[in-house]
Amino acid sequence: MARASSGLAYPERFYAAAAYVGFDGSPNSNDKDIGSRFSTDVALILYALYQQATVGPCNVPKPSLWNPVEQGKWKSWKQLGNMVSAEAMRLFVKILEEEEPGWYSRASNSVLEPVTDVQMNHNAIVEPIIENRNSFAETKTISAENGGLIETQDIDVVSEGLGSVVVYDQWTSPPITGQRPKGRYEHAAAVVEDKMYIYGGNHNGRYLSDLHVLDLRSCTWSKVEAKVESKSVETPSPVNITPSAGHSLIPWENKLLSIAGHTKDPSETFQVKAFDLQIGTWSMLNTYGKPPVSRGGQSVTLVGTTLVIFGGQDAKQTLLNDLHILDLETLTWDEIDAVGVPPSPRSGHAAAVHAERYLLIFGGGSHATCFNDLHVLDLQTMEWSRPTQQGEIPVPRAGHAGVTVGENWFIVGGGDNKSGASETVVLNMSTLAWSVVTSVEGRVPLASEGLSLVVGSLNGEDILISFGGYNGHYNSEVNVLKPSHKSTLQSKIMEGPLPDSVSAVHNATNPTRDLESEFEVGQEGKIRETAIDNFEPMKSKGGETSEHILAMLKAEKEELESSFNNEKLLSLQLKQELADAEARNTDLCKELQSVRGQLASEQSRCFKLEVDVAELRQKLQTMETLQRELELLQRQKATSEQVAINAKQRQGSGGVWGWLAGSTPQNADDA
C-alpha cells in the first residue's frame, strides 16, 4: 500500500467543485446565484451533470409546461441518458475549469486536500500534470512481471476496488483483499450478481475441489465452505463430489452447474454437479437419455434453456468432436448428428453463441498442433460451415478463454505449448472481422493457458475479469479490462436517429451495450460542445427570454395539438376497423349457425341410412339362410325321385325267376 498526496482526487474534487458552484446539497443552495454567475446554457449543463453524478439517470416526471425553468432543467438532465456517475463528475469539473480557470485556487482556501491511499500493482509513479493553470498529481499504474510492462495512464480514483479503473482497452490489476485462492489453471469461473465464483482446477498435477468467491464491488476474496447434499432420505450417505479440472461452470437459476471435467478416477459418462447458491450445498443431477462419455477441455455454451457441448478429451486421451445437447428443463440428453464438415477433434477451444442461433468454435489443440480456425454451427438447421475470417486473424492457440459483449467476442490467453498468446483479440460476430484490443509482454498471467475469463458489470459498463492460468508457474492474479466499444461509439448525450447501417448492426445485437459512452481524457471539450448544441438555451435578457419562452410554449402546444389530432384520427380509424370487425363477426356467426343446422340435418339423415343398411343386412342374412334350406330340399327331392325310379325299374323286370330263366325284360314284354 502506497500513500500518494495530491490535489483533490475524485470524487472529492467533484464535490469541491460542486460546492464552489453552489450545488452543495444544502437547503441554502441558490439556483439564482448559479444562474447569475454563469450563462443559462452553462448553468443548465452544470445542473444536469450534478444531478447525474449524485442522483443518477433522470427518472422524475416531466414538469408542467407552465414552469419553463424547471422544464429546461429537466430536459437538460434527461438528455444525459445513462451516463455513468464518474464521467458526469469529470465533465462537471472540466466545464467549470473552462469557465473559471482559477476556481481551484480560490476554493482551496476553505477545502482541505486529503491524503488518499492508492493500491499500486507493483510500482507507482506520481507525476504532476499542469492543466488549466492548476497543478495536481495523477496516478499512473504500472504492472511489471518478468520484464513485461503494462502502463495505464489517466486513472482517476473514484471508489475502491474495480471502480478505481476507468481506462479503456488496457489490462490492469486492481487491489484485491481477502485470502487469495491457490494458483491454478483449467478451473472454471462464473459471475452471479456482482460475484465471481472460482471452482476446481489443476495445481501441480493435483485436481482441486475448492470454491471461492470474489465480490466485484469490494474486491474481496472469500472461500465458500460448501456442504454436500445426501442422495436421499432413505440413503443418507453423501454423494461423491470429486475434485476436477477442465470442467465448465454455468449459472442456471439459483445454481452453479459444473459440467464434466477430468477427475482422478473418471466415470464412464458425463457428470453434472449443481451448487445451490441459496443453501450452499453440492449435489449430483440425475439426467435422462444417453449421456456423453466423460471428458475435459470441452466447450459448454448456454443457448436459451439448453447446453450445447462440443469436443474435449476423454479419460483415454482420445480427442473428440461430437456434439451433444442437454435440455436443462427436462435434464434430457440428445446427441446431434449435424450435417456439413465439423471441426477436427480438439480440446481447449473456445465457443460462443451469436443471435441465439449460431454456435462459433475457435481454436483449440490436438496432441500435435494448435488451431486458429473458425467454425460455425447453425443451431436451426444443424449444419456446420467454415466461413472466411477477416482482419487480423489470431495466431493458433489452445487453452484460451472467451466471453461475449453484445456482438463482440473477446479472446484472451492460450498458447501453443511453446509460448503464450500475448494479444487480447476481439471478433465482431456479425462481420467475422478480428482486431487486436491490446497486448501484454513477458510471462504474465494474461499470456498463459487454462485461465478463466468472465464478464461483469460495474456502474453500467461491462468489464472483463481474468483469473489464474499456467505459464511455467500457477497464477492466482485477477486482471480487469474495460472494453471501449470503439466501433459503435456514440455519446449518450447526443440525440437523433442513427445511420441505417449502424442501426442495423445495433438491432442485430445489444443496442444498450453498444451505446455505452466512452469519455476519454481530452474529449470533454468536444462532448461539451455537443451537449450545448443539443440544449435549447434561454436568452439572458428579460424580453428575449419571455419571447423565447412564449415561442417554446407555442411550439410545444402546436406539437401537442398535432399529436392529439393524430391520436384522434388513429382512434377513429381503430373504431371503424373495430366496427367492421364486429360486422364480419356477426356474419360469420350467422353462417356458422346455418352450417351447424345443415350439419345436424346431415347427421340425422346419416343415422337413418345407417338404420336402413342394418335392416337390409339382416334381410340379406335371412335370404342366405333360406337359400341354403332351398338347396337342401332340392337335393332331398332329387334323391327321392331317383329312389322311386329305381324301384319302378325293379318291379318291371319280372322278378328273380325270370332272370334265372334267362329271359330279358324285353322278352317278357313280348310274351
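Quick caveat: nothing in here was measured; it's all calculated off a predicted structure. (Residues numbered from 1 in each chain as written. Predicted model: local features only at pLDDT ≥ 70, side-chain atom pairs only at ≥ 80, totals over all residues. Heavy atoms only, no water.)

Considerations on the sheet that holds strand β14 (residues 272-276)
Item 1. What the five strands build is an open sheet, ordered β11-β15-β14-β13-β12; its pairing is mixed. Each edge of the open sheet is held by one strand with a lone partner, namely β11 (227-228) and β12 (248-252).
Item 2. For β12 and strand β13 (residues 255-259), the ladder comprises five bridges, and the chain directions are antiparallel. Paired with serine 248 across the bridge in β13 is isoleucine 259. (Pairing = 2+ DSSP bridges. Helix = DSSP H or I, 4+ residues; strand = E, 2+ residues; numbered from the N terminus.)

Description of the packing of helix α3 (residues 40-54) against helix α5 (residues 85-99)
Item 1. Contact geometry for α3 and α5: axes closest at 8 Å, N-to-C directions at 150 degrees. Between α3 and α5, the angle falls in the class roughly antiparallel. Every pair of crossing elements has a handedness; the one defined by α3 and α5 is left-handed. In this structure, α3 uses Val42, Ile45, Leu46, Leu49, Tyr50, Gln52 and Ala53 to contact α5, whose residues at the interface are Ser85, Ala88, Met89, Leu91, Phe92, Ile95 and Glu99.
Item 2. Its residues assigned to classes, the contact of α3 with α5 shows 11 nonpolar, two polar and one charged. (Axes fitted to C-alpha atoms, helices over the stretch in contact; angles between N-to-C directions. Parallel < 35°, antiparallel > 145°, perpendicular 65-115°, else oblique. Left-handed = near helix turned anticlockwise from the far one by under 90°. Contact = heavy atoms within 4.5 Å. Nonpolar A, V, L, I, M, F, W, Y, C, P; charged D, E, K, R; others polar.)

Observations concerning the pairing of strand β27 (residues 408-412)
Item 1. In terms of burial, β27 is a largely internal element, five of the five residues being buried.
Item 2. Along β27, one buried face is formed by Asn408, Phe410 and Val412 and the opposite face, lined by Trp409 and Ile411, is buried too.
Item 3. In terms of strand pairing, strand β26 (residues 401-405) meets β27 through five bridges, oriented antiparallel. Within β27, the residue paired with threonine 404 across the bridge is tryptophan 409. (Buried < 20%, exposed > 50% of the residue type's maximum accessible area, 1.4 Å probe, protein only.)

As for unusual backbone geometry
Item 1. The backbone of glutamate 253 sits at a positive phi, close to 55 degrees, despite the residue not being glycine.
Item 2. Position of glutamate 253 relative to the elements: it lies in the loop between β12 and β13.
Item 3. With a phi close to 55 degrees, leucine 432 is a non-glycine residue in the positive phi region.
Item 4. Assignment of secondary structure puts leucine 432 in the loop between β28 (423-428) and β29 (433-439).
Item 5. Residue classification places leucine 432 among the buried positions, given a relative accessible area of 16%.

Some remarks on the packing of aromatic side chains
Item 1. Here the structure, examined in full by the defined rule, presents 15 aromatic pairs.
Item 2. Taken together, a centroid distance of 6.3 Å and an interplanar angle of 50 degrees make the contact between phenylalanine 23 and tyrosine 47 tilted. One end of the pair, phenylalanine 23, is in the loop between α1 (12-21) and α2 (31-37); the other, tyrosine 47, is in helix α3, and 24 residues separate them in sequence.
Item 3. Phenylalanine 23 gets classed as buried once you look at its relative accessible area, which sits at 8%.
Item 4. For tyrosine 47, a relative accessible area of 15% corresponds to the buried category.
Item 5. Considering the side-chain rings of phenylalanine 362 and tryptophan 434, the 4.9 Å spacing of their centres and the 50 degrees angle between planes classify their relative orientation as tilted. A residue pair is termed long-range when its members are at least 10 positions apart, and phenylalanine 362 in strand β22 (residues 358-365) and tryptophan 434 in strand β29 qualify at 72 residues.
Item 6. Its relative accessible area of 3% is what places tryptophan 434 among the buried residues. (Phe/Tyr/Trp six-rings, centres within 6.5 Å; stacked < 30°, edge-to-face > 60°.)

Quick notes on the packing of α1 against α5
Item 1. Two elements in contact, α1 and α5, have axes separated by 9 Å at closest approach and are oriented at 50 degrees. Taken together, the axes of α1 and α5 lie oblique to each other. Of the two elements, α1 crosses α5, and the hand of that crossing is left-handed. In contact with Arg13, Phe14, Tyr15, Ala17, Ala18, Tyr20 and Val21 of α1, α5 contributes Met89, Phe92, Val93, Leu96 and Glu97.
Item 2. Taken together, the residues of the contact of α1 with α5 sort by class into 10 nonpolar, no polar and two charged.

Quick look at the environment of lysine 557
Item 1. Residue position: lysine 557 is located in helix α10 (residues 542-651).
Item 2. On the accessibility criterion, lysine 557 (52% relative accessible area) is exposed.
Item 3. Spatially, the C-alpha atoms of lysine 557 and leucine 65 are 9.1 Å apart, while their sequence positions differ by 492 residues.

Some details on the nonpolar core
Item 1. By size, the foremost hydrophobic cluster in this structure holds 33 residues, and its most contacted members are Phe14, Val21, Phe23, Leu46, Leu49, Phe92 and Trp103.
Item 2. Residue assignment for this core shows that the elements contributing at least two residues are α1, α3, α4 (68-78), α5 and α6 (103-107).
Item 3. Ranked by residue count, the leading element in this core is α3, at nine residues.
Item 4. Contact partners of phenylalanine 92, with chain neighbours within four places excluded, come to Phe14, Ala17, Ala18, Val21, Phe23, Leu46, Leu49 and Tyr50.
Item 5. Counting residues in each nonpolar core, the second largest holds 16 residues, with Phe410, Val412, Val444 and Ala447 among its members. (Core = buried A, V, L, I, M, F, W, Y, C linked by side-chain atoms within 4.5 Å.)

Thoughts on α3
Item 1. Over its 15 residues, α3 runs 21 Å from end to end, which matches the ideal 21 Å to within 8%, given 1.5 Å per residue.
Item 2. Once α3 finishes, glycine 56 follows within two positions and takes phi at roughly 115 degrees, a positive value. (Expected span 1.5 Å × (residues − 1).)

Remarks on the sheet that holds β28
Item 1. Within the open sheet, the five strands sit side by side as β25-β29-β28-β27-β26. Their pairing is mixed. One side of each edge strand has no neighbouring strand; the edge strands of this open sheet are β25 (390-391) and β26.
Item 2. Pairing geometry for β25 and β29, over two bridges, is parallel. Pairing of glycine 391 across the sheet is with tryptophan 434, part of β29.

Quick notes on α1
At 3.6 residues per turn, the α-helix brings residues three or four places apart onto the same side.
Item 1. Among the 10 residues that make up α1, seven are buried, leaving the element largely enclosed by the rest of the structure.
Item 2. Trailing α1 by a residue or two, glycine 22 shows a phi angle of about 125 degrees, which is positive.

A word on the pattern of salt bridges
Item 1. By the definition in use, this model includes nine salt bridges.
Item 2. One salt bridge connects arginine 184 with aspartate 210, and the closest N-O pair in it is separated by 2.8 Å. Highlighted residues: arginine 184 in the loop between β6 (177-178) and β7 (188-191) and aspartate 210 in strand β9 (residues 206-215), separated in sequence by 26 residues. Like arginine 184, the residue aspartate 210 is buried in the burial classification.
Item 3. Linking glutamate 461 and lysine 482 is a salt bridge whose minimum nitrogen-to-oxygen distance equals 3.0 Å. Here the residue glutamate 461 occupies a position in strand β31 (residues 461-467), and lysine 482 occupies one in the loop between β32 (478-481) and α7 (500-508), the gap between them amounting to 21 residues. The pair glutamate 461 / lysine 482 is uniform in exposure class, with both members buried. (Salt bridge = Lys/Arg side-chain N within 4 Å of Asp/Glu carboxyl O.)

Description of the environment of isoleucine 411
Item 1. Within the fold, isoleucine 411 resides in strand β27.
Item 2. Judged by relative accessible area, which is 0%, isoleucine 411 ranks as buried.
Item 3. Excluding anything up to four places from it in sequence, isoleucine 411 contacts Ala350, Phe362, Arg397, His400, Ala401, Gly402, Glu423, Thr424, Val425 and Trp434.

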